[in-house]
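Chain by chain, the residues run as shown.
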Amino acid sequence: MVRMTTTATAAGTPVVGFDQVSKVYGNVRAVDGLTLALHPGETVALLGPNGAGKSTTLDLLLGLRNPDGGTVQVFGTTPRQAIVAGRVGAMLQSGGLMDEVTVAELVKLACDLHPRPYQVRDVLARAGIAQIADRKVNKLSGGQSQRVRFALATAGDSDLIVLDEPTTGMDVSARQAFWATMREQADQGRTVLFATHYLEEADAIADRVLVLHRGRLLADGTAAEIKAKAGARRVAFDLEGPIDEAPLRALPFLTSIDISGQTVRIQSTDADATVHALYGLGVYPRNLEVAGLGLEQAFVAITEAEEAKQS
């Protein structure tokens, strides 16, 4: 993969640097001593349960809020300086679009304001909205509005693209086309940071996954590393006849169990020992499957374990 380099990259400066950043609202520490760095060409997923501090982190990154402690730098400067220089494009959930203007007019405005603008027709085509260019913005569907927000975020040659729940409201084909475009952006050396509740997107798209919990960085790694960090595997099997739940729930190393009809699904921190004990019960499991956790299950396991430690 060939990636472009920037002046900041050549100097060894991260695209984004958080150093012991905190943000407090009353008694709530929305961001709590957050330290992280993002690098050129990375596609990074920002995950966390509601209230984890994802939106506040993005607001701090974009200069929409100021930290109460620590420092935030973007390309070695303040967030505001980086944005004024046209190095950052953002697609946020908050804030509405201008009413009573057409899609093309709004995109043209974004291009006119960008220091390194693209051609309007190219921006419309890339976002998949050329066919609705003459439609008033207030007449768009939710998915169409999301694609317009994406067009505004990519109206110029920015080095960092920040996306907050970017595919909400998009249908499957639109989501696939959107992420194909994002891969192209990363392949050209741009850094893409996105917050999402669609964990399958993070698993399929991101080079790197950041998991926030109560404003702290709980996990940082590839999707495979995050899954491994959960320290559990999935075991699924079918049983015939009446199921005696008590001995199944007493199997060793279980972290969770779900019994639906004749199918049993469990998570275990030592799948080999659990399966060995299962056969020791004298039952005959059919269609036995043992697999690693998916990113969603690993995410739940990691955050639940952290909640248990803090309770």
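Structure first, text after, so check above.
Note that the structure is a prediction, hence the values are computed from the model and not measured.

Trainee: What should I look at first to understand the sheet that holds strand β4 (residues 69-74) in this one?
Mentor: Think of a sheet as strands paired side by side through backbone hydrogen bonds, with each pair either parallel or antiparallel. The strand order across the open sheet formed by 3 strands is β2-β1-β4, and the pairing between neighbours is antiparallel. Two strands lie at the open edges of the sheet, namely β2 (28-38) and β4, each paired on one side alone. Neighbour to neighbour, the strand axes of the sheet diverge by 25° on average, direction disregarded.

Trainee: What's the story with the pattern of salt bridges in this structure? I'm lost.
Mentor: Two side chains that carry opposite charge are able to pair once their charged atoms sit near each other. According to the stated counting rule, one finds 17 salt bridges in the structure shown. Linking Asp 159 and Arg 116 is a salt bridge whose minimum nitrogen-to-oxygen distance equals 3.3 Å. One end of the pair, Asp 159, is in the loop between α6 (142-153) and β6 (160-164); the other, Arg 116, is in the loop between α4 (103-113) and α5 (120-126), with 43 residues separating them in the sequence. The partner of Glu 201 in a salt bridge is Arg 175, and the shortest N-O contact between them spans 3.0 Å. With Glu 201 in helix α8 (residues 199-205) and Arg 175 in helix α7 (residues 172-187), the pair connects residues that are 26 residues apart, well separated along the chain. Each member of the pair Glu 201 and Arg 175 is classed as buried.

Trainee: Could you clarify how one ought to interpret a nonpolar patch on the surface in this entry?
Mentor: A cluster of nonpolar side chains, namely Tyr 279, Tyr 284, Leu 288 and Val 290, defines an oily patch on the protein surface of about 390 Å² accessible area. With respect to the helices and strands, the residue Tyr 279 is situated in helix α11 (residues 271-280).

Trainee: What is the right way to read the pairing of strand β8 (residues 208-213) from this model?
Mentor: With respect to burial, β8 is a largely interior element, 6 of its 6 residues being buried. Burial of β8 is two-sided: the residues Arg 208, Leu 210 and Leu 212 facing one way and the residues Val 209, Val 211 and His 213 facing the other way are all buried. For strand β3 (residues 43-47) and β8, the ladder comprises 4 bridges, and the chain directions are parallel. By the bridge assignment, Ala 45 is partnered in β8 with Val 209. For β8 and strand β9 (residues 216-221), the ladder comprises 5 bridges, and the chain directions are antiparallel. By the bridge assignment, Leu 212 is partnered in β9 with Leu 217.

Trainee: When you look at the packing of aromatic side chains in this model, what are you seeing that I'm missing?
Mentor: Here the distance between the centres and the angle between the planes together describe a pair of aromatic rings. Under the criterion given, the structure shown has 3 aromatic pairs. When the centroid spacing of 4.6 Å and the interplanar angle of 55° are considered together, the rings of Trp 179 and Phe 194 count as tilted. Placement of Trp 179 in helix α7 and of Phe 194 in strand β7 (residues 191-195) is noted, with a sequence separation of 15 residues between them. Its relative accessible area of 0% is what places Phe 194 among the buried residues. An aromatic cluster of at least three residues, connected via ring pairs, comprises Phe 150, Phe 178, Trp 179 and Phe 194. In this structure, Arg 126 packs its charged tip against the face of Tyr 118, placed 4.7 Å from the ring centre. A cation over an aromatic ring shows up here: Arg 175 above the ring of Tyr 198, its NZ or CZ 4.1 Å from the ring centre.

Trainee: How do you make sense of the environment of Gly 12 when you look at a structure like this?
Mentor: Tracing the sequence through the fold places Gly 12 in the loop between α1 (7-10) and β1 (16-25). C-alpha of Gly 12 to C-alpha of His 39: the two residues are 27 residues apart in sequence and 9.4 Å apart in space.

Trainee: What am I meant to see in the sheet that holds strand β13 (residues 286-292) here?
Mentor: Taken in spatial order, the 4 strands make up an open sheet running β11-β12-β10-β13, and their pairing is antiparallel. Edge positions in the sheet fall to β11 (254-260) and β13, since each of these pairs with one other strand and no more. Each strand of the sheet is rotated relative to its neighbour by a mean of 15°, with strand direction disregarded. The sheet contact formed by strand β10 (residues 233-238) and β13 spans 5 bridges and is antiparallel. Counted as the bridge partner of Arg 233 is Gly 292 from β13.

Trainee: What am I meant to see in the side chain of Thr 274 here?
Mentor: Take Thr 274: it is sitting in helix α11. For Thr 274, a relative accessible area of 1% translates into the label buried. Polar side-chain contacts of Thr 274 include one of 2.6 Å to the side chain of Ser 268. Setting aside anything within four residues of it in sequence, one finds Thr 274 in contact with Leu 251, Pro 252, Phe 253, Leu 254, Ile 266 and Ser 268.

Trainee: Mind showing me how you'd approach α6 here?
Mentor: Every α-helix winds through 3.6 residues per turn, so residues three or four apart in the chain are directed the same way. Here α6 spans 17 Å end to end across 12 residues, near enough to the 16 Å set by a 1.5 Å rise per residue. Along α6, 9 of the 12 residues are buried, which leaves the element largely enclosed by surrounding structure. By the burial criterion, the buried members of α6 are Gly 143, Gln 144, Ser 145, Gln 146, Val 148, Arg 149, Phe 150, Ala 151 and Ala 153. Summarising the contacts, the buried residues of α6 are in contact with β5 (88-91), α4, α5 and α7.

What counts, and at which threshold
- Residues numbered from 1 in each chain as written.
- Predicted model: local features only at pLDDT ≥ 70, side-chain atom pairs only at ≥ 80, totals over all residues.
- Heavy atoms only, no water.
- Pairing = 2+ DSSP bridges.
- Helix = DSSP H or I, 4+ residues; strand = E, 2+ residues; numbered from the N terminus.
- Axes fitted to C-alpha atoms, helices over the stretch in contact; angles between N-to-C directions.
- Salt bridge = Lys/Arg side-chain N within 4 Å of Asp/Glu carboxyl O.
- Buried < 20%, exposed > 50% of the residue type's maximum accessible area, 1.4 Å probe, protein only.
- Patch = residues over 30% accessible without salt bridge, like charges linked within 9 Å, V, L, I, M, F, W, Y side chains within 5 Å.
- Areas by Shrake-Rupley, 256 points an atom, 1.4 Å probe, with all protein chains shown as cover.
- Phe/Tyr/Trp six-rings, centres within 6.5 Å; stacked < 30°, edge-to-face > 60°.
- Lys NZ or Arg CZ within 6 Å of the ring centre and 35° of its normal.
- Polar contact = N/O pair within 3.5 Å; in protein donor to acceptor, adjacent residues only side chain to side chain.
- Contact = heavy atoms within 4.5 Å.
- Expected span 1.5 Å × (residues − 1).

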